[in-house]
Amino acid sequence: MDHKDGFQYEYFSAVTQHKIEWLWYPYIPYGKLTILQGDPGEGKSTFILNIAALVTRGKSMPDGFRIREPQRVVYQSAEDNIADTVKPRLVAAGADCDMVAYIVDEDYPLTLEDSRIEQVLQQTGARLFILDPLQGYLSQDSDMTNAGRMRSQLKKLVDIAAKYRCAVVIVGHMNKSSHEKNLYRGLGSIDIAAIARSVLMISRDKDDPMIRYMFPVKSSLAPEGAVIAFSFNRENGIRWLGQKELDKNVVESCNLTDSKKMLAVRIILDVLSDHDALSAEIMKKLKIMDISERTINTAKKSLGIVSYRKDGVWYWRLPDGFYEPDWRVKNGK
């Protein structure tokens, strides 16, 4: 390394070349940042938890890509309860829960720049680190539309990923514009997508709401992978359907923005898919998406949501016998 006038430089002849390694080729590279995005209710969290489960068991990915051995995972959720939602989903997915860790952040909320992220990777040796969703891990002085601030925070995460050769996946919600390319529909600055080496998207089939597609919208380190299909419902969870030879432009067109009412419906169904939930928690999620109370009540009535009081607080639950496909047929959705 040479020094001159207070700065350092090197010649590329001194650089040792390394091949890109993959947790799942060509979708999730080790040592890099991957973003998994999609509209609320598309099953992003369930999808990535099922991928994490495969990683903990050393099983092949949905397209047959082989993992050499079981690997540890750190999964951090800002929206779902660890005991009644995250662990049941991991168990249902077949995960080895002794191989999945999380940072206890009840007293001191975790942020993108938190030193505990590096500490947990150092101490567990995890090869997959998941933050779900991005919006839940921003510090109070963060602004997702501030390119410089977001790049600075994510750069630290990228450096940690490279240092520990860990695949970092950030789950993100989409904004509501249907007129932009899907790469630019992630909330916040375009620098969020720019710094990621892979951006994946989940969308549902427009003719069969039980079918979902995962496909790349940005692939900087390898040719774009095929569309991965899976079925998703509350009763059976995820069932992998493998690669599909579909035109990505056609798949992307499935992801048109819903009306505010349908957006509310999808969020409510996503929250209530596994268990009853606090009314206040559901309302908070809906209002974050700028959905009015009037629209929320309309969506709630449409679904036949049952409200009940327990231990002094209000809960919501789906009506007995509720079946989403029947509801969609009845409501022309």
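Residues numbered from 1 in each chain as written. Predicted model: local features only at pLDDT ≥ 70, side-chain atom pairs only at ≥ 80, totals over all residues. Heavy atoms only, no water.

## A few points about helix α2 (residues 82–93)
How we decide: Burial here depends on accessible area, computed with a 1.4 Å probe over protein chains only, as a share of the maximum for the residue type. Under 20% is buried, over 50% is exposed, and the range in between is partly exposed. Secondary structure elements follow DSSP: runs of H or I no shorter than four residues count as helices, runs of E no shorter than two count as strands, and numbering proceeds from the N terminus. The arc in question is the one spanned by the directions pointing from the helix axis to the C-beta atoms. Pairing of N or O atoms within 3.5 Å defines a polar contact, subject to two protein rules: one partner must be a possible hydrogen donor and the other a possible acceptor, and residues neighboring in sequence count only if both atoms are side-chain atoms.
Considered for burial, the residues of α2 that qualify are T85, V86, R89 and L90. Buried residues of α2, viewed axially, fall in a sector of 115°; they line one side. Exposed and facing more than 90 degrees away from the buried side of α2 are A83, V91 and A92. Structurally, the start of α2 carries an N-cap: the backbone nitrogen of A83 is 2.8 Å from a side-chain oxygen of N81. Looking one or two residues beyond α2, the residue adopting positive phi is G94, at roughly 85°.

## Observations regarding the layout of surface pockets
Applicable threshold: In this analysis, the protein atoms alone were mapped onto a 1 Å grid. Cavities are point sets where a 1.4 Å probe fits without being able to get out; pockets are open sets with protein on both sides within 12 Å along at least five of seven lines; lining residues have an atom within 4 Å of a point. Grid points are joined across faces, edges and corners, and a volume is the space filled by probe spheres set on the points. Each residue is assigned to one of three groups, with Ala, Val, Leu, Ile, Met, Phe, Trp, Tyr, Cys and Pro labelled nonpolar, Asp, Glu, Lys and Arg labelled charged, and all others, Gly among them, labelled polar.
Roughly 1,400 Å³ of volume is contained in the largest pocket. Lining the largest pocket we find 48 residues, and of these S77, A78, E79, D80 and K285 sit closest to its centre. Breaking the lining of the largest pocket down by element, the ones donating at least two residues are α1 (44–57), β6 (73–77), α2, β9 (167–173), α7 (260–271), β14 (277–278) and α8 (279–288). The residue makeup of the lining of the largest pocket, split by class, is 19 nonpolar, 13 polar and 16 charged.

## Regarding the packing of aromatic side chains
Here is the rule we go by: Pairing of aromatic side chains here covers Phe, Tyr and the six-membered ring of Trp, requires ring centres within 6.5 Å, and sorts the geometry by plane angle: under 30 degrees stacked, over 60 edge-to-face, intermediate tilted. For a lysine, the NZ atom is tested; for an arginine, the CZ atom; a charge sits over a ring if that atom is within 6 Å of the ring centre and within 35 degrees of the ring normal.
Enumeration according to the criterion identifies eight aromatic pairs in this entry. Ring centres 5.9 Å apart and planes at 35° place the aromatic pair F7 and Y9 in the tilted group. On the accessibility criterion, F7 (45% relative accessible area) is partly exposed. The partly exposed category is assigned to Y9, whose relative accessible area is 32%. An aromatic cluster of three or more residues is present, and its members are F7, Y9 and Y11. The residue whose ring lies beneath R127 is Y30, and the NZ or CZ to ring-centre distance is 3.9 Å.

## A word on the environment of Y323
Within the secondary structure layout, Y323 lies in the loop between β16 (313–317) and α10 (324–331). Taking C-alpha positions, Y323 is 9.7 Å from N233, a pair spaced 90 residues apart along the chain.

## Remarks on the sheet that holds strand β5 (residues 33–38)
Backbone-to-backbone hydrogen bonds pair the strands of a sheet. The strands run either parallel or antiparallel. Formally: When DSSP finds two or more bridges between two strands, those strands count as paired.
Across the sheet, which stays open at both edges, the nine strands sit in the order β7-β6-β8-β9-β5-β10-β11-β12-β13 with mixed pairing between neighbours. Each edge of the sheet is formed by a strand with only one pairing partner; in this case those strands are β7 (100–101) and β13 (237–244).

## Comments concerning a nonpolar patch on the surface
Put simply, the test is: Patch rule: a residue counts if its relative accessible area is over 30% and it has no salt bridge; like charges are joined within 9 Å, and nonpolar side chains (Val, Leu, Ile, Met, Phe, Trp, Tyr) within 5 Å. Per-residue and other accessible areas were derived by the Shrake-Rupley procedure at a 1.4 Å probe size, with only the shown protein chains allowed to occlude residues. Any Lys or Arg side-chain nitrogen located within 4 Å of an Asp or Glu carboxyl oxygen qualifies as a salt bridge.
A cluster of nonpolar side chains, namely F7, Y9 and Y11, defines an oily patch on the protein surface of about 340 Å² accessible area. When you line up the elements, Y9 lands in strand β2 (residues 7–9).

## Concerning the nonpolar core
Just so we agree on the cut-off: Residues belong to one nonpolar core when they are buried, are Ala, Val, Leu, Ile, Met, Phe, Trp, Tyr or Cys, and are joined through side-chain atoms within 4.5 Å. We call two residues in contact whenever any of their non-hydrogen atoms come within 4.5 Å of each other.
Counting 37 residues, the largest nonpolar core has L33, L112, L121, F129, L131, L154 and I170 as its most contacted members. Non-local contacts of L112, meaning those with residues more than four positions away in its chain, are made with I117, L131, L134, Y137, L138, M150, Q153, L154 and L157. Core analysis: the next-biggest nonpolar cluster, separate from the first, contains 34 residues, I48, I51, M61 and I67 among them.

## Focus on the confidence of the model for the chain
Applied cut-off: Confidence scores per residue from the predictor, reported as pLDDT, run from 0 to 100.
Chain-level statistics for the chain give a pLDDT mean of 84 and a share of 82% at 70 or above. Low pLDDT, under 50, characterises residues 176–187; the stretch is placed with 42 contacts to residues that sit more than four places away or in other chains.

## Quick notes on the pairing of strand β12 (residues 227–233)
Summarising burial for β12: seven of the seven residues are buried, a large majority. Where strand β11 (residues 211–219) lies against β12, four bridges are found, and the strand directions are antiparallel. Paired with Y213 across the strands is A229, a residue of β12. Across seven bridges, β12 lies against β13 in antiparallel orientation. Within β13, the residue paired with V227 across the bridge is K244.

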